[in-house]
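Understanding the architecture of this molecule
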Amino acid sequence: MKALLLVDLQNDFLPGGALAVPSGDDVIPVANLLMLHFDRVVATQDWHPADHGSFAANHPGREQGDLIELGGQPQVLWPVHCVQGSPGAELAPDLERPKIERVFFKGIDREVDSYSAFFDNAASRSTGLGEYLRRSGIGEIFIMGLATDYCVQFSALDAVQLGFATSVIEDGCRGVDLTPGDSERAVEAMHRSGVEIISSGEVLTSGTQVHPAAALSANV
Ligand code: VGL
Ligand code: ZN
């Protein structure tokens, strides 16, 4: 069984948001279309407390983009983003919510960041996603979302480690590219680790049936 994982499709990562990913909004229609081709759709939300250690504002004298250590891991300092319960942390308003079966929250612990949908960066706490997919009989996972060079990359590498057949839908992702080329390098690193890099078109033509009722209601 196959599952689609939508990573961090939240307002703060869209244009106008606190940590806007360039053209991040372009992937919302891709998500809405792909959802119709999967039995299982799950999502993540970056979900930080206001005092989270990944926020530059919580480190006097530091600036966004500085590299520090947090929870024993290298940590880029970010603008305040995806604060629990804030509008910026909400899923994109244009995202078709009803098909999303469950949302997994990450980045809750102020002492360590969590780029991966599965574990925090110190690999000490599971979000429950891996266990959930296993219990649901999922062997194959397709990942898209924001951002290619952070949460998508970390999620895909963990998925492979956990033994899932893992594909990343490249045109369903956009990157931060703090350093030009970061997203390209992330794609190469995922590919080298055994992640299949595919396009949404390949998913759509792969023979996975769209449920007729779903197709009708979504007007495709
Ligand atoms: C992300 C930076 C900080 C992401 C989350 O979703 O890729 N990036 N928090
Ligand atoms: Zn974050």
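I will try to describe carefully the structure that is included in this document.

So, the site of ligand 1
In the neighbourhood of ligand 1, the contacting residues comprise Asp 8, Phe 13, Leu 19, Asp 46, Trp 78, His 81, Tyr 115, Leu 146, Ala 147, Tyr 150 and Cys 151. Interatomic distance of 3.0 Å between a side-chain N/O atom of Asp 46 and a nitrogen atom of ligand 1. At 3.0 Å from an oxygen atom of ligand 1 is found a main-chain nitrogen or oxygen belonging to Ala 147. The fraction of the free accessible surface of ligand 1 (260 Å²) that becomes covered by protein chains is 100%. Tallied by class, residues from the shell around ligand 1 come to eight nonpolar, one polar and two charged.

Some details on the packing of helix 3 (residues 148–161) against helix 4 (residues 182–192)
Axis angle and axis distance: for two packed helices, these are the angle between their axes and the distance between the axes, and together they describe the pair. Where helix 3 meets helix 4, the axes come as close as 9 Å, and the angle between the chain directions of the two elements is 5°. What the angle tells us is that helix 3 and helix 4 run roughly parallel. Listed contacts from helix 4 to Thr 148, Asp 149, Val 152, Gln 153, Ala 156 and Leu 157 of helix 3 are Asp 182, Ser 183, Ala 186, Val 187, Ala 189 and Met 190. Of the residues belonging to the contact of helix 3 with helix 4, the class tally is seven nonpolar, three polar and two charged.

Things to note about the coordination of the zinc ion (ligand 2)
Coordination of the zinc ion (ligand 2) by the protein is provided by Asp 46 (OD), His 48 (NE2) and His 81 (NE2), with metal-donor distances spanning 2.0 to 2.2 Å. Taken together, the four donor atoms coordinating the zinc ion (ligand 2) and their angles of 88 to 170° define a geometry best described as irregular. On the accessibility criterion, His 48 (0% relative accessible area) is buried.

Focus: the pairing of strand 1 (residues 2–7)
Counting buried residues along strand 1, five of its six residues qualify, which places the element largely inside the surrounding structure. Here strand 1 runs beside strand 6 (residues 140–146); their pairing, made up of six bridges, is parallel. If you follow Ala 3 over to strand 6, its bridge partner there is Ile 141. Looking at chain direction, strand 1 and strand 2 (residues 40–46) are connected through four bridges and run parallel. The residue of strand 2 that forms the bridge with Leu 4 is Val 41. For the segment spanning strand 1, helix 1 (residues 27–34) and strand 2, crossover handedness is right-handed.

Some thoughts on the pairing of strand 2
Each regular strand carries side chains that alternate between the two faces of the sheet. Counting buried residues along strand 2, six of its seven residues qualify, which places the element largely inside the surrounding structure. Here strand 2 pairs with strand 5 (residues 102–106) via five bridges, running parallel. Pairing of Val 42 across the sheet is with Arg 102, part of strand 5.

Considerations on the state of the cysteines
Working definition of a disulfide: a covalent bond connecting the sulfur atoms of two cysteines. A complete count under the given rule lists zero disulfides for this structure. Cysteine Cys 82 shares no disulfide, and the gap to the nearest cysteine sulfur, in Cys 151, comes to 8.9 Å. For Cys 82, a relative accessible area of 0% translates into the label buried. No disulfide involves Cys 173; its sulfur sits 11 Å from that of Cys 151, the nearest cysteine.

Digging into the side chain of His 52
Residue position: His 52 is located in the loop between strand 2 and strand 3 (67–70). Residue class for His 52 comes out buried when judged on its relative accessible area of 0%. When residues no more than four places from it in sequence are discounted, the contact partners of His 52 are Asn 58, Gly 107, Asp 109, Arg 110, Val 112 and Asp 113.

Cut-offs used in this document
Residues numbered from 1 in each chain as written. Chains lettered and ligands numbered in written order. Predicted model: local features only at pLDDT ≥ 70, side-chain atom pairs only at ≥ 80, totals over all residues. Heavy atoms only, no water. Near = heavy atom within 4 Å. Polar contact = N/O pair within 3.5 Å; in protein donor to acceptor, adjacent residues only side chain to side chain. Areas by Shrake-Rupley, 256 points an atom, 1.4 Å probe, with all protein chains shown as cover. Nonpolar A, V, L, I, M, F, W, Y, C, P; charged D, E, K, R; others polar. Axes fitted to C-alpha atoms, helices over the stretch in contact; angles between N-to-C directions. Helix = DSSP H or I, 4+ residues; strand = E, 2+ residues; numbered from the N terminus. Parallel < 35°, antiparallel > 145°, perpendicular 65-115°, else oblique. Contact = heavy atoms within 4.5 Å. Donors = N, O, S within 2.8 Å, 3.2 Å for Na, K, Ca; no water. Tetrahedral: all angles 85-135°; square planar, octahedral: opposite > 155°, others 65-115°. Buried < 20%, exposed > 50% of the residue type's maximum accessible area, 1.4 Å probe, protein only. Pairing = 2+ DSSP bridges. Right-handed = clockwise from strand over helix to strand, strands pointing away. Disulfide = S-S within 2.5 Å.

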